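Letter by letter, the chains look like this.
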Amino acid sequence: QQQVKQSPQSLIVQKGGISIINCAYENTAFDYFPWYQQFPGKGPALLIAIRPDVSEKKEGRFTISFNKSAKQFSLHIMDSQPGDSATYFCAASINQAGTALIFGKGTTLSVSS
Amino acid sequence: EAGVAQSPRYKIIEKRQSVAFWCNPISGHATLYWYQQILGQGPKLLIQFQNNGVVDDSQLPKDRFSAERLKGVDSTLKIQPAKLEDSAVYLCASSLDLWGENTEAFFGQGTRLTVV
């Protein structure tokens, strides 16, 4: 019940295309859902995050869509660029209880030019 | 603002040896985390501190792993004795606080451990 399941494992997108990464969870107590971006040799960095009181959050080319009833959330990267090539992790936590993030297994995105 | 500092960046040891990793969180951050990231997987929490107290160490293999944050600032993670399956990147992260709007976790670059 503490898992966060992420798909796909890898993704290849053409420059200018839309990248979509999906995550699903079971624990309905989760109340904080961030996406992290990680480049090789670096630590993960927060990209965008959402709380379950909203269904969508957009920051620049990055959008989180959240479906509370389905217990799913997804990351959309519009106009994907080669510089977006990285590994993306979804995560979840019970923010009101102060729990640490539980991460998905990651999606390696390659944007071809 | 300086980020989360970790050292060393790389470490190669033989199995059954001991190793220690150091982390200095962002100044003023009360919450500190150690995560283990095995190649091709997401980070997995090992231990979570709030100031100098342990919040969650349920996934820390306590027979071989130990961690401390004695003065509520920097922290050390130790493995003794190391096993081959401990080969991973050990990530330290910190956040301003445990909950509310101050929970964004900032990660260091990690220490890559290879056990041979």
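Residues numbered from 1 in each chain as written. Chains lettered and ligands numbered in written order. Predicted model: local features only at pLDDT ≥ 70, side-chain atom pairs only at ≥ 80, totals over all residues. Heavy atoms only, no water.

Caption draft 1: Spatial organisation of the overall build of chain A. Regarding its fold elements, chain A presents zero helices and 11 strands. Each helix and strand of chain A, placed in order from N terminus to C terminus, yields the pattern β-β-β-β-β-β-β-β-β-β-β. The globule rule puts the C-alpha radius of gyration for 113 residues at 13 Å, and the 13 Å found for chain A is close to it. Counting every position in chain A, which comprises 113 residues, the buried fraction comes to 47%. Intrachain contacts of chain A at a sequence separation of at least 6 include 54% that bridge at least 24 residues. Counting only carbon and sulfur atoms, one obtains 49% of the accessible surface of chain A, whose full area is about 5400 Å². Of the charged side chains in chain A, 10 are positive and 7 negative; the average position of the first set lies 5 Å away from that of the second. (Helix = DSSP H or I, 4+ residues; strand = E, 2+ residues; numbered from the N terminus. Rg over C-alpha atoms; globule rule 2.2 N^0.38 Å. Buried < 20%, exposed > 50% of the residue type's maximum accessible area, 1.4 Å probe, protein only. Contact = heavy atoms within 4.5 Å. Areas by Shrake-Rupley, 256 points an atom, 1.4 Å probe, with all protein chains shown as cover. Lys, Arg positive; Asp, Glu negative; His and termini not counted. Charge placed at Lys NZ, Arg CZ, Asp CG, Glu CD.)

Caption draft 2: Fine view of the pattern of salt bridges. All names here are of chain A. Scanning all chains against the criterion turns up five salt bridges over all chains. The shortest N-O distance in the salt bridge between Asp84 and Arg61 comes to 2.8 Å. Highlighted residues: Asp84 in the loop between strand E8 (72-77) and strand E9 (86-92) and Arg61 in the loop between strand E6 (56-59) and strand E7 (62-67), separated in sequence by 23 residues. (Salt bridge = Lys/Arg side-chain N within 4 Å of Asp/Glu carboxyl O.)

Caption draft 3: Geometry of empty space enclosed by the protein. Tallied over the entire structure, the rule returns one cavity of 30 Å³ or more. In this structure, the largest cavity spans a volume of roughly 80 Å³. What lines the largest cavity is A:Tyr32, A:Ser93, A:Asn95, A:Thr99, A:Ala100, A:Leu101, B:Tyr33, B:Tyr35, B:Leu98, B:Thr103 and B:Ala105. Taken together, the residues of the lining of the largest cavity break down into seven nonpolar, four polar and no charged. (1 Å grid on protein atoms, 1.4 Å probe; cavity = no way out; pocket = protein on both sides within 12 Å on 5 of 7 lines; lining within 4 Å. Points joined across faces, edges and corners; volume = space filled by probe spheres on them. Nonpolar A, V, L, I, M, F, W, Y, C, P; charged D, E, K, R; others polar.)

Caption draft 4: Representation of the state of the cysteines in the model. Residue and element names in this part refer to chain A. Taken as a whole and assessed by the stated rule, the structure comprises two disulfides over all chains. In this model, Cys23 is linked to Cys90 through a disulfide, with the two sulfur atoms separated by 1.8 Å. On the sign convention where negative means left-handed, the S-S torsion of about -90° between Cys23 and Cys90 marks this disulfide as left-handed. Placement of the pair is Cys23 in strand E3 (residues 19-25) and Cys90 in strand E9, with a sequence separation of 67 residues. An identical accessibility class is assigned to Cys23 and Cys90; each is buried. (Disulfide = S-S within 2.5 Å.)

Caption draft 5: Examining the interface of chain B and chain A more closely. At the junction of the two partners, chain B supplies 21 residues and chain A supplies 20 residues. Each partner contributes to the roughly 1500 Å² buried at the junction of chain B and chain A, and carbon and sulfur atoms together form 48% of this total. Area buried by chain B at its contact with chain A is led by B:Pro43, B:Phe107 and B:Gln109, which between them contribute 27% of it. At the surface where chain B touches chain A, the tally comes to zero salt bridges. The tally of links from chain B across to chain A stands at six residue pairs in polar contact (both at pLDDT 80 or more). In terms of residue count, the dominant contributor to the side of chain B that touches chain A is strand E4 (residues 31-37) of chain B (three residues). The residue inventory of the side of chain B that touches chain A, partitioned by class, reads nine nonpolar, nine polar and three charged. (Buried area = accessible area lost by both parts, 1.4 Å probe. Polar contact = N/O pair within 3.5 Å; in protein donor to acceptor, adjacent residues only side chain to side chain.)

Caption draft 6: A look at the nonpolar core. Of all hydrophobic cores here, the largest spans 25 residues; its most connected members are A:Phe33, A:Trp35, A:Phe73, A:Leu75 and A:Tyr88. For this core, the elements supplying multiple residues, two or more each, are strand E2 (10-14), E3, strand E4 (33-38), strand E5 (45-50), E7, E8, E9 and strand E11 (107-112) of chain A. In terms of nonpolar packing, the next biggest core, distinct from the first, is built from 21 residues, B:Ile26, B:Trp34, B:Ala88 and B:Tyr90 among them. (Core = buried A, V, L, I, M, F, W, Y, C linked by side-chain atoms within 4.5 Å.)

Caption draft 7: Structural detail: the sheet that holds E6(A). Residues and elements named next belong to chain A. What the five strands build is an open sheet, ordered E1-E3-E8-E7-E6; its pairing is antiparallel. With one partner strand each, in any of the chains shown, strand E1 (4-7) and E6 form the two edges of the open sheet. The sheet shows a mean angle of 15° between the axes of neighbouring strands, taken without regard to direction. (Pairing = 2+ DSSP bridges. Axes fitted to C-alpha atoms, helices over the stretch in contact; angles between N-to-C directions.)

Caption draft 8: Main features of a nonpolar patch on the surface. Residues and elements named next belong to chain A. A cluster of nonpolar side chains, Ile18, Ile20 and Met78, forms an exposed patch at the surface whose accessible area comes to about 240 Å². One can find Met78 in the loop between E8 and E9. Since its relative accessible area comes to 34%, Met78 is described here as partly exposed. (Patch = residues over 30% accessible without salt bridge, like charges linked within 9 Å, V, L, I, M, F, W, Y side chains within 5 Å.)

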